[in-house]
Amino acid sequence: MSNLNRKYKKESCRTLLGFLRCLVGQRTQIDLYGGIMLVGTLVDIDVNRNIQLTQVTMSRPIHKPVSFNRLYVRYTNVRYVRIPDDIDVVETIRQDLKQMNPKPNEIVGGGQKKMHVRKGREYERNLPPLRPENY
Amino acid sequence: MPALLNTVTVPTEYVRQQYPSVKAYLEDDYLGQGVLCIAESQLVWTAASNDSERQGIAIDYPSLTMHGIVTHDPKYPEEHLVVVVQKSNDDDDDDETENPQENGDSARSESPVEFDSIRTVNYRFVMATSEDLKVAYQTIAECQALHPDPLEDMVEDDEVGSDIDYGEEEDESNENGNGNNDDDPYGYNAHFSGSHQQTRGTRFGGHRRGDHADQDDHNNNNPTEEME
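Residues numbered from 1 in each chain as written. Chains lettered and ligands numbered in written order. Predicted model: local features only at pLDDT ≥ 70, side-chain atom pairs only at ≥ 80, totals over all residues. Heavy atoms only, no water.

## Describing the overall build of chain A
Phase 1 of the analysis: Scanning chain A from terminus to terminus reveals 4 helices and 5 strands.
Phase 2 of the analysis: Taken from the N to the C terminus, the helices and strands of chain A come in the order α-α-β-β-β-β-β-α-α.
Phase 3 of the analysis: Expressed as a percentage of its 135 residues, the buried residues of chain A come to 39%.
Phase 4 of the analysis: A separation threshold of at least 6 residues defines the contact pool for chain A, and within that pool the share at least 24 residues apart is 44%.
Phase 5 of the analysis: Surface exposure of chain A reaches about 8300 Å², of which carbon and sulfur atoms provide 51%. (Helix = DSSP H or I, 4+ residues; strand = E, 2+ residues; numbered from the N terminus. Buried < 20%, exposed > 50% of the residue type's maximum accessible area, 1.4 Å probe, protein only. Contact = heavy atoms within 4.5 Å. Areas by Shrake-Rupley, 256 points an atom, 1.4 Å probe, with all protein chains shown as cover.)

## Some details on unusual backbone geometry
Glycine aside, residues mostly have negative phi angles, and peptide bonds mostly take the trans form.
Phase 1 of the analysis: Of note in the backbone geometry, Ile62 of chain A takes a positive phi value of approximately 75 degrees without being a glycine.
Phase 2 of the analysis: Within the fold, Ile62 of chain A resides in the loop between strand 3 (51-59) and strand 4 (66-73).
Phase 3 of the analysis: A positive phi angle, near 50 degrees, is found at Glu27 of chain B, a position not held by glycine.
Phase 4 of the analysis: Mapping Glu27 of chain B onto the fold places it in the loop between strand 2 (15-26) and strand 3 (29-39).
Phase 5 of the analysis: The partly exposed category is assigned to Glu27 of chain B, whose relative accessible area is 23%.

## Some thoughts on the nonpolar core
All names here are of chain B.
Phase 1 of the analysis: Core analysis: the biggest nonpolar cluster contains 30 residues, and Leu36, Ile38, Leu43, Trp45, Val83, Tyr123 and Phe125 have the highest contact counts within it.
Phase 2 of the analysis: Taken together, the elements giving at least two residues each to this core come down to strand 2, strand 3, strand 4 (42-47), strand 5 (54-60), strand 6 (64-70), strand 7 (80-87), strand 8 (119-126) and helix 2 (130-145).
Phase 3 of the analysis: Residue contributions to this core peak at 6 residues, all from helix 2.
Phase 4 of the analysis: The contacts of Phe125, once residues within four sequence positions are left out, are Val22, Lys23, Ala24, Leu36, Trp45, His80, Leu81 and Val83. (Core = buried A, V, L, I, M, F, W, Y, C linked by side-chain atoms within 4.5 Å.)

## Details of helix 3 (residues 89-100) of chain A
Residue and element names in this part refer to chain A.
Phase 1 of the analysis: Under the 1.5 Å per step criterion, the end-to-end length of helix 3 is 16 Å for 12 residues, consistent within 8% with the ideal 16 Å.
Phase 2 of the analysis: Among the residues of helix 3, those classed as buried are Thr92, Asp96, Leu97 and Met100. Looking straight down helix 3, one finds that the buried residues subtend no more than 130 degrees of arc, so they occupy a single side. (Expected span 1.5 Å × (residues − 1). Arc of directions from axis to C-beta.)

## Description of the packing of aromatic side chains
Think of a pair of aromatic rings as described by two things: how far the centres are apart, and how the planes are tilted against each other in angle.
Residue and element names in this part refer to chain B.
Phase 1 of the analysis: One pass over the structure, following the stated rule, counts 3 aromatic pairs over all chains.
Phase 2 of the analysis: A ring pair is formed by Tyr25 and Tyr30, whose centres lie 5.0 Å apart and whose planes are at 50 degrees; its orientation type is tilted.
Phase 3 of the analysis: On the basis of relative accessible area, Tyr30 is assigned to the partly exposed category, the value being 45%.
Phase 4 of the analysis: A centroid spacing of 6.5 Å and a plane angle of 10 degrees characterise the contact between Tyr123 and Phe125, whose relative ring orientation is stacked. Each member of the pair, Tyr123 as well as Phe125, is classed as buried.
Phase 5 of the analysis: Grouping aromatic residues by their ring pairs yields a cluster made of Tyr25, Tyr30 and Tyr76. (Phe/Tyr/Trp six-rings, centres within 6.5 Å; stacked < 30°, edge-to-face > 60°.)

## A few points about helix 2 of chain B
Phase 1 of the analysis: For helix 2 of chain B, which comprises 16 residues, the first-to-last C-alpha distance of 23 Å matches the rise-based estimate of 22 Å (1.5 Å per residue) to within 8%.
Phase 2 of the analysis: Among all positions of helix 2 of chain B, only Leu133, Ala136, Tyr137, Thr139, Ile140, Ala141, Cys143 and Gln144 of chain B are buried.

## A closer look at the pairing of strand 4 of chain B
Residues and elements named next belong to chain B.
Phase 1 of the analysis: In terms of burial, strand 4 is a largely internal element, 5 of the 6 residues being buried.
Phase 2 of the analysis: Strand direction decides the pairing type here: strand 3 and strand 4, joined by 5 bridges, are antiparallel. From the neighbouring strand, Cys37 faces strand 4, where its bridge partner is Val44.
Phase 3 of the analysis: Counted between consecutive antiparallel strands, the loop separating strand 3 from strand 4 contains 2 residues.
Phase 4 of the analysis: In terms of strand pairing, strand 4 meets strand 5 through 5 bridges, oriented antiparallel. Opposite Gln42, over in strand 5, you have Asp60 as the bridge partner.
Phase 5 of the analysis: Linkage of strand 4 to strand 5, two consecutive antiparallel strands, is achieved through a turn of 6 residues. (Pairing = 2+ DSSP bridges.)

## A short note on the side chain of Gln86 of chain B
Phase 1 of the analysis: Considering the arrangement of structural elements, one finds Gln86 of chain B in strand 7.
Phase 2 of the analysis: Taking the relative accessible area as the measure of exposure, Gln86 of chain B reaches 15% and is therefore buried.
Phase 3 of the analysis: Polar contacts involving the side chain of Gln86 of chain B include one to the side chain of Asn77 of chain A, which spans 3.3 Å. (Polar contact = N/O pair within 3.5 Å; in protein donor to acceptor, adjacent residues only side chain to side chain.)

## A few points about the pattern of salt bridges
Phase 1 of the analysis: The full count for this structure, using the stated rule, is 9 salt bridges over all chains.
Phase 2 of the analysis: Close ionic contact of Asp31 of chain A with Arg82 of chain A constitutes a salt bridge, the shortest N to O distance being 2.6 Å. Taken as a pair, Asp31 of chain A in strand 1 (residues 27-32) and Arg82 of chain A in strand 5 (residues 78-82) lie far apart in primary sequence, 51 residues in all.
Phase 3 of the analysis: For Glu91 of chain A, the salt bridge is made with Arg94 of chain A, and the minimal N-O distance between the two is 3.6 Å. One end of the pair, Glu91 of chain A, and the other, Arg94 of chain A, are both in helix 3, 3 residues apart, so they sit about a helical turn from each other.
Phase 4 of the analysis: Arg94 of chain A sits in the partly exposed class, given a relative accessible area of 30%.
Phase 5 of the analysis: Among the charged side chains, a salt-bridge network with shared partners connects Arg16, Glu40 and Glu142 of chain B. (Salt bridge = Lys/Arg side-chain N within 4 Å of Asp/Glu carboxyl O.)

## Some words on a nonpolar patch on the surface
Phase 1 of the analysis: Taken together, the side chains of Ile83, Val89 and Val90 of chain A make up a nonpolar region of the molecular surface, amounting to roughly 210 Å² of accessible area.
Phase 2 of the analysis: Tracing the backbone shows Val90 of chain A in helix 3. (Patch = residues over 30% accessible without salt bridge, like charges linked within 9 Å, V, L, I, M, F, W, Y side chains within 5 Å.)

And the structure:
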(Lines give C-alpha, C1' and ligand atoms only; values in the text may rest on other atoms or scores of the structure.)
Protein backbone atom coordinates (compact mmCIF):
# COMPACT_ATOMS: atom_id res chain seq x y z
CA MET A 1 0.00 0.00 0.00
CA SER A 2 3.00 2.33 -0.19
CA ASN A 3 1.61 3.78 -3.42
CA LEU A 4 -1.42 5.00 -1.56
CA ASN A 5 0.74 6.47 1.14
CA ARG A 6 2.81 8.41 -1.37
CA LYS A 7 -0.31 9.58 -3.10
CA TYR A 8 -1.76 10.62 0.21
CA LYS A 9 1.32 12.61 1.18
CA LYS A 10 1.43 14.33 -2.16
CA GLU A 11 -2.25 15.12 -2.03
CA SER A 12 -2.19 16.30 1.53
CA CYS A 13 0.58 18.79 0.84
CA ARG A 14 -1.00 20.03 -2.35
CA THR A 15 -4.62 20.09 -1.39
CA LEU A 16 -6.77 20.28 1.69
CA LEU A 17 -7.04 16.52 2.05
CA GLY A 18 -4.69 16.47 5.02
CA PHE A 19 -6.74 19.18 6.67
CA LEU A 20 -9.95 17.28 6.06
CA ARG A 21 -8.56 14.25 7.75
CA CYS A 22 -7.81 16.34 10.80
CA LEU A 23 -11.54 16.80 11.16
CA VAL A 24 -12.02 13.11 11.89
CA GLY A 25 -13.92 12.75 15.11
CA GLN A 26 -15.74 16.05 14.68
CA ARG A 27 -19.41 16.41 14.14
CA THR A 28 -19.80 18.10 10.78
CA GLN A 29 -22.38 18.86 8.19
CA ILE A 30 -21.75 17.70 4.68
CA ASP A 31 -23.73 19.11 1.80
CA LEU A 32 -24.09 16.93 -1.24
CA TYR A 33 -25.24 17.80 -4.69
CA GLY A 34 -28.93 17.41 -5.10
CA GLY A 35 -29.77 19.27 -1.92
CA ILE A 36 -28.88 16.40 0.38
CA MET A 37 -27.50 17.30 3.78
CA LEU A 38 -25.73 14.99 6.14
CA VAL A 39 -24.96 15.71 9.75
CA GLY A 40 -22.68 13.19 11.35
CA THR A 41 -19.39 12.39 13.01
CA LEU A 42 -16.48 11.91 10.64
CA VAL A 43 -14.91 8.51 10.88
CA ASP A 44 -12.56 8.46 7.96
CA ILE A 45 -11.67 10.26 4.78
CA ASP A 46 -9.67 8.15 2.41
CA VAL A 47 -7.12 9.24 -0.12
CA ASN A 48 -9.81 9.51 -2.80
CA ARG A 49 -11.85 11.71 -0.46
CA ASN A 50 -14.62 9.19 0.09
CA ILE A 51 -16.14 9.98 3.46
CA GLN A 52 -17.29 7.67 6.21
CA LEU A 53 -19.55 8.95 8.94
CA THR A 54 -21.27 7.60 11.98
CA GLN A 55 -24.49 8.64 13.73
CA VAL A 56 -25.70 10.45 10.66
CA THR A 57 -28.91 12.14 9.75
CA MET A 58 -29.51 12.44 6.05
CA SER A 59 -32.03 14.99 4.89
CA ARG A 60 -33.27 14.94 1.34
CA PRO A 61 -35.64 17.50 -0.15
CA ILE A 62 -39.26 16.34 0.12
CA HIS A 63 -38.35 13.05 1.79
CA LYS A 64 -38.28 12.39 5.49
CA PRO A 65 -34.87 12.32 7.16
CA VAL A 66 -33.11 9.01 7.56
CA SER A 67 -30.78 8.16 10.41
CA PHE A 68 -27.77 6.01 9.73
CA ASN A 69 -25.53 4.25 12.16
CA ARG A 70 -22.74 4.18 9.58
CA LEU A 71 -22.65 5.90 6.23
CA TYR A 72 -20.18 5.85 3.40
CA VAL A 73 -20.37 8.70 0.90
CA ARG A 74 -18.83 8.61 -2.52
CA TYR A 75 -16.55 11.60 -2.99
CA THR A 76 -18.10 12.78 -6.24
CA ASN A 77 -21.25 13.76 -4.43
CA VAL A 78 -19.70 16.02 -1.86
CA ARG A 79 -20.28 19.68 -2.43
CA TYR A 80 -19.32 21.18 0.93
CA VAL A 81 -17.83 19.96 4.14
CA ARG A 82 -18.72 22.44 6.80
CA ILE A 83 -15.93 23.08 9.24
CA PRO A 84 -16.89 23.45 12.89
CA ASP A 85 -16.45 27.01 14.14
CA ASP A 86 -14.03 26.08 16.84
CA ILE A 87 -11.40 24.78 14.44
CA ASP A 88 -8.49 27.04 13.58
CA VAL A 89 -7.97 26.16 9.94
CA VAL A 90 -4.51 27.55 9.36
CA GLU A 91 -3.10 26.16 12.57
CA THR A 92 -4.53 22.74 11.85
CA ILE A 93 -2.98 22.72 8.42
CA ARG A 94 0.32 23.76 9.87
CA GLN A 95 0.25 21.02 12.47
CA ASP A 96 -0.73 18.45 9.90
CA LEU A 97 2.07 19.37 7.54
CA LYS A 98 4.52 19.33 10.40
CA GLN A 99 3.41 15.87 11.29
CA MET A 100 3.69 14.72 7.70
CA ASN A 101 7.20 16.05 7.30
CA PRO A 102 8.92 16.16 10.64
CA LYS A 103 12.43 17.55 10.91
CA PRO A 104 14.98 14.78 11.33
CA ASN A 105 15.63 15.60 14.98
CA GLU A 106 11.93 15.47 15.78
CA ILE A 107 11.34 11.91 14.72
CA VAL A 108 10.49 9.74 17.68
CA GLY A 109 12.62 6.65 17.82
CA GLY A 110 15.41 8.02 15.71
CA GLY A 111 13.91 7.62 12.29
CA GLN A 112 15.78 6.51 9.25
CA LYS A 113 19.11 7.86 8.19
CA LYS A 114 18.99 9.83 5.02
CA MET A 115 19.55 7.86 1.87
CA HIS A 116 22.90 9.37 0.97
CA VAL A 117 24.35 8.93 4.39
CA ARG A 118 23.28 5.30 4.52
CA LYS A 119 24.80 4.69 1.15
CA GLY A 120 27.96 6.46 2.19
CA ARG A 121 28.55 4.14 5.13
CA GLU A 122 27.97 1.03 3.08
CA TYR A 123 30.16 2.36 0.36
CA GLU A 124 32.95 3.03 2.80
CA ARG A 125 32.65 -0.41 4.29
CA ASN A 126 33.00 -2.03 0.93
CA LEU A 127 35.99 -0.10 -0.23
CA PRO A 128 39.18 -2.08 -0.65
CA PRO A 129 41.48 -1.73 2.39
CA LEU A 130 43.99 1.11 2.34
CA ARG A 131 46.74 -1.24 3.20
CA PRO A 132 46.86 -4.92 2.41
CA GLU A 133 46.25 -7.21 5.38
CA ASN A 134 49.76 -8.36 5.79
CA TYR A 135 51.36 -4.92 5.77
CA MET B 1 -47.13 0.45 -12.21
CA PRO B 2 -43.78 0.89 -13.88
CA ALA B 3 -41.43 -2.06 -13.84
CA LEU B 4 -39.21 -1.76 -10.83
CA LEU B 5 -36.89 -4.54 -11.77
CA ASN B 6 -34.81 -5.12 -14.82
CA THR B 7 -33.32 -8.21 -16.30
CA VAL B 8 -29.87 -8.48 -14.85
CA THR B 9 -27.01 -10.87 -15.11
CA VAL B 10 -25.32 -11.88 -11.93
CA PRO B 11 -21.60 -11.16 -12.11
CA THR B 12 -19.40 -14.20 -12.07
CA GLU B 13 -16.00 -12.60 -11.76
CA TYR B 14 -14.48 -10.72 -8.84
CA VAL B 15 -17.40 -11.45 -6.61
CA ARG B 16 -16.52 -10.39 -3.12
CA GLN B 17 -19.60 -11.50 -1.27
CA GLN B 18 -22.84 -13.20 -2.01
CA TYR B 19 -25.79 -13.34 0.33
CA PRO B 20 -28.89 -15.44 -0.22
CA SER B 21 -32.24 -14.56 1.36
CA VAL B 22 -31.87 -10.81 1.29
CA LYS B 23 -35.06 -8.79 1.24
CA ALA B 24 -35.03 -5.73 -0.94
CA TYR B 25 -37.08 -2.56 -0.98
CA LEU B 26 -37.12 0.28 -3.44
CA GLU B 27 -38.26 3.34 -1.50
CA ASP B 28 -41.40 1.90 0.06
CA ASP B 29 -42.01 -0.93 -2.37
CA TYR B 30 -41.13 -4.44 -1.34
CA LEU B 31 -39.30 -6.17 -4.16
CA GLY B 32 -39.04 -9.63 -2.70
CA GLN B 33 -36.41 -11.90 -1.37
CA GLY B 34 -33.35 -12.74 -3.36
CA VAL B 35 -29.62 -12.91 -3.64
CA LEU B 36 -27.38 -9.90 -3.05
CA CYS B 37 -24.14 -10.13 -4.93
CA ILE B 38 -21.34 -7.71 -4.18
CA ALA B 39 -18.92 -7.79 -7.06
CA GLU B 40 -16.09 -5.43 -7.81
CA SER B 41 -17.86 -4.28 -10.96
CA GLN B 42 -21.42 -3.90 -9.75
CA LEU B 43 -23.76 -4.40 -6.87
CA VAL B 44 -26.48 -6.79 -7.98
CA TRP B 45 -29.61 -8.04 -6.29
CA THR B 46 -31.69 -10.64 -8.03
CA ALA B 47 -35.06 -11.93 -6.99
CA ALA B 48 -35.09 -15.61 -6.25
CA SER B 49 -36.61 -17.39 -9.17
CA ASN B 50 -36.25 -20.47 -11.28
CA ASP B 51 -36.24 -18.58 -14.55
CA SER B 52 -33.09 -18.52 -16.57
CA GLU B 53 -33.45 -14.76 -16.78
CA ARG B 54 -33.14 -13.12 -13.40
CA GLN B 55 -35.05 -10.00 -12.49
CA GLY B 56 -33.37 -7.59 -10.20
CA ILE B 57 -31.31 -4.48 -9.73
CA ALA B 58 -27.79 -3.80 -10.91
CA ILE B 59 -26.03 -0.80 -9.44
CA ASP B 60 -22.78 0.59 -10.78
CA TYR B 61 -20.48 1.98 -8.16
CA PRO B 62 -20.00 5.41 -9.76
CA SER B 63 -23.73 6.03 -9.39
CA LEU B 64 -23.81 4.68 -5.88
CA THR B 65 -24.04 7.95 -4.01
CA MET B 66 -23.83 6.47 -0.56
CA HIS B 67 -24.61 3.42 1.45
CA GLY B 68 -25.05 2.87 5.12
CA ILE B 69 -26.43 0.91 8.00
CA VAL B 70 -29.75 1.98 9.48
CA THR B 71 -30.63 0.58 12.85
CA HIS B 72 -33.65 2.63 13.83
CA ASP B 73 -36.26 3.53 11.31
CA PRO B 74 -39.93 3.96 12.07
CA LYS B 75 -40.97 1.98 9.04
CA TYR B 76 -38.49 -0.85 9.17
CA PRO B 77 -38.07 -2.65 12.47
CA GLU B 78 -34.94 -4.57 11.52
CA GLU B 79 -31.59 -2.98 10.97
CA HIS B 80 -30.73 -2.95 7.32
CA LEU B 81 -28.50 -1.65 4.61
CA VAL B 82 -29.57 1.42 2.72
CA VAL B 83 -28.07 2.12 -0.67
CA VAL B 84 -28.70 5.51 -2.22
CA VAL B 85 -28.33 5.56 -5.96
CA GLN B 86 -28.36 8.39 -8.42
CA LYS B 87 -31.21 8.21 -10.80
CA SER B 88 -30.81 9.51 -14.31
CA ASN B 89 -33.22 12.23 -15.32
CA ASP B 90 -34.73 10.60 -18.35
CA ASP B 91 -36.53 8.18 -16.09
CA ASP B 92 -38.56 10.99 -14.53
CA ASP B 93 -41.66 12.83 -15.56
CA ASP B 94 -41.02 16.22 -17.05
CA ASP B 95 -42.32 18.27 -14.17
CA GLU B 96 -39.04 19.70 -12.96
CA THR B 97 -36.65 19.35 -15.80
CA GLU B 98 -35.36 22.76 -16.69
CA ASN B 99 -32.14 21.23 -17.81
CA PRO B 100 -32.67 18.51 -20.34
CA GLN B 101 -29.58 16.67 -19.22
CA GLU B 102 -29.19 12.96 -19.67
CA ASN B 103 -26.67 12.53 -16.98
CA GLY B 104 -27.04 13.72 -13.40
CA ASP B 105 -23.33 14.46 -13.28
CA SER B 106 -23.30 16.99 -16.09
CA ALA B 107 -26.31 18.72 -14.63
CA ARG B 108 -24.28 19.50 -11.56
CA SER B 109 -21.75 21.64 -13.31
CA GLU B 110 -24.08 23.42 -15.67
CA SER B 111 -27.25 24.05 -13.72
CA PRO B 112 -28.05 27.36 -12.04
CA VAL B 113 -26.86 27.89 -8.49
CA GLU B 114 -29.50 26.20 -6.38
CA PHE B 115 -31.19 23.88 -8.78
CA ASP B 116 -29.73 20.42 -8.99
CA SER B 117 -31.52 18.03 -11.18
CA ILE B 118 -30.01 15.12 -9.38
CA ARG B 119 -32.39 12.57 -8.01
CA THR B 120 -31.63 9.75 -5.73
CA VAL B 121 -33.50 6.64 -4.78
CA ASN B 122 -33.22 4.56 -1.69
CA TYR B 123 -32.83 0.84 -1.86
CA ARG B 124 -33.00 -1.10 1.35
CA PHE B 125 -31.58 -4.55 1.86
CA VAL B 126 -32.44 -6.57 4.90
CA MET B 127 -29.73 -9.13 5.47
CA ALA B 128 -30.06 -12.44 7.22
CA THR B 129 -27.75 -11.59 10.13
CA SER B 130 -26.23 -8.54 11.71
CA GLU B 131 -22.77 -9.81 10.90
CA ASP B 132 -23.70 -10.13 7.23
CA LEU B 133 -24.87 -6.56 7.34
CA LYS B 134 -21.59 -5.26 8.70
CA VAL B 135 -19.52 -7.26 6.25
CA ALA B 136 -21.72 -6.18 3.36
CA TYR B 137 -21.32 -2.53 4.32
CA GLN B 138 -17.57 -2.91 4.51
CA THR B 139 -17.34 -4.79 1.25
CA ILE B 140 -19.37 -2.24 -0.65
CA ALA B 141 -17.11 0.46 0.78
CA GLU B 142 -14.05 -1.37 -0.47
CA CYS B 143 -15.51 -1.83 -3.92
CA GLN B 144 -16.44 1.84 -4.05
CA ALA B 145 -12.83 2.75 -3.47
CA LEU B 146 -11.97 0.80 -6.60
CA HIS B 147 -14.01 3.11 -8.78
CA PRO B 148 -12.68 6.64 -8.71
CA ASP B 149 -13.95 8.81 -11.52
CA PRO B 150 -11.45 9.27 -14.30
CA LEU B 151 -9.63 12.60 -14.08
CA GLU B 152 -10.52 14.78 -17.02
CA ASP B 153 -8.89 18.17 -17.11
CA MET B 154 -6.76 17.83 -14.04
CA VAL B 155 -3.16 16.88 -14.47
CA GLU B 156 -2.51 13.38 -13.23
CA ASP B 157 -0.44 12.78 -10.13
CA ASP B 158 2.98 12.23 -11.50
CA GLU B 159 3.51 15.56 -13.15
CA VAL B 160 3.46 18.50 -10.82
CA GLY B 161 5.32 18.02 -7.61
CA SER B 162 6.85 14.71 -8.55
CA ASP B 163 10.27 16.08 -7.75
CA ILE B 164 9.36 15.88 -4.10
CA ASP B 165 10.48 12.39 -3.30
CA TYR B 166 8.60 11.14 -0.30
CA GLY B 167 10.85 8.10 -0.25
CA GLU B 168 9.94 4.77 1.29
CA GLU B 169 7.02 4.45 3.60
CA GLU B 170 9.19 4.45 6.68
CA ASP B 171 11.50 7.24 5.57
CA GLU B 172 10.02 10.25 7.25
CA SER B 173 13.03 12.53 6.97
CA ASN B 174 13.32 15.40 4.58
CA GLU B 175 15.38 14.91 1.45
CA ASN B 176 17.09 18.25 1.86
CA GLY B 177 20.49 17.52 3.31
CA ASN B 178 21.09 20.57 5.43
CA GLY B 179 18.30 20.12 7.98
CA ASN B 180 16.10 23.01 6.97
CA ASN B 181 15.90 26.32 8.64
CA ASP B 182 12.70 27.46 10.21
CA ASP B 183 11.31 29.59 7.49
CA ASP B 184 11.32 26.66 5.13
CA PRO B 185 10.60 23.64 7.29
CA TYR B 186 9.02 21.63 4.52
CA GLY B 187 11.75 22.15 2.01
CA TYR B 188 9.61 23.86 -0.53
CA ASN B 189 12.26 26.36 -1.56
CA ALA B 190 14.70 23.59 -2.25
CA HIS B 191 12.30 21.74 -4.48
CA PHE B 192 10.48 24.54 -6.11
CA SER B 193 12.59 26.69 -8.35
CA GLY B 194 11.08 29.68 -10.13
CA SER B 195 9.55 27.77 -13.03
CA HIS B 196 7.90 25.23 -10.77
CA GLN B 197 6.33 27.94 -8.70
CA GLN B 198 4.85 29.41 -11.83
CA THR B 199 3.44 26.07 -12.70
CA ARG B 200 1.94 25.63 -9.27
CA GLY B 201 0.25 28.99 -9.46
CA THR B 202 -1.30 28.29 -12.81
CA ARG B 203 -1.84 24.59 -12.59
CA PHE B 204 -5.56 24.82 -13.17
CA GLY B 205 -5.04 27.16 -16.06
CA GLY B 206 -3.70 24.27 -17.98
CA HIS B 207 0.02 25.03 -17.90
CA ARG B 208 2.33 22.10 -17.80
CA ARG B 209 5.65 21.68 -16.15
CA GLY B 210 7.65 21.98 -19.31
CA ASP B 211 5.96 25.18 -20.34
CA HIS B 212 8.38 28.02 -19.76
CA ALA B 213 6.56 30.53 -21.89
CA ASP B 214 5.28 32.36 -18.86
CA GLN B 215 8.50 32.81 -16.97
CA ASP B 216 8.25 36.55 -17.46
CA ASP B 217 4.91 36.63 -15.76
CA HIS B 218 5.48 37.85 -12.24
CA ASN B 219 1.85 38.15 -11.36
CA ASN B 220 1.64 34.72 -9.82
CA ASN B 221 1.78 34.74 -6.08
CA ASN B 222 4.54 32.80 -4.47
CA PRO B 223 2.66 29.78 -3.14
CA THR B 224 5.18 29.08 -0.41
CA GLU B 225 4.45 32.37 1.28
CA GLU B 226 0.86 31.31 1.82
CA MET B 227 1.99 28.33 3.85
CA GLU B 228 3.56 30.57 6.42
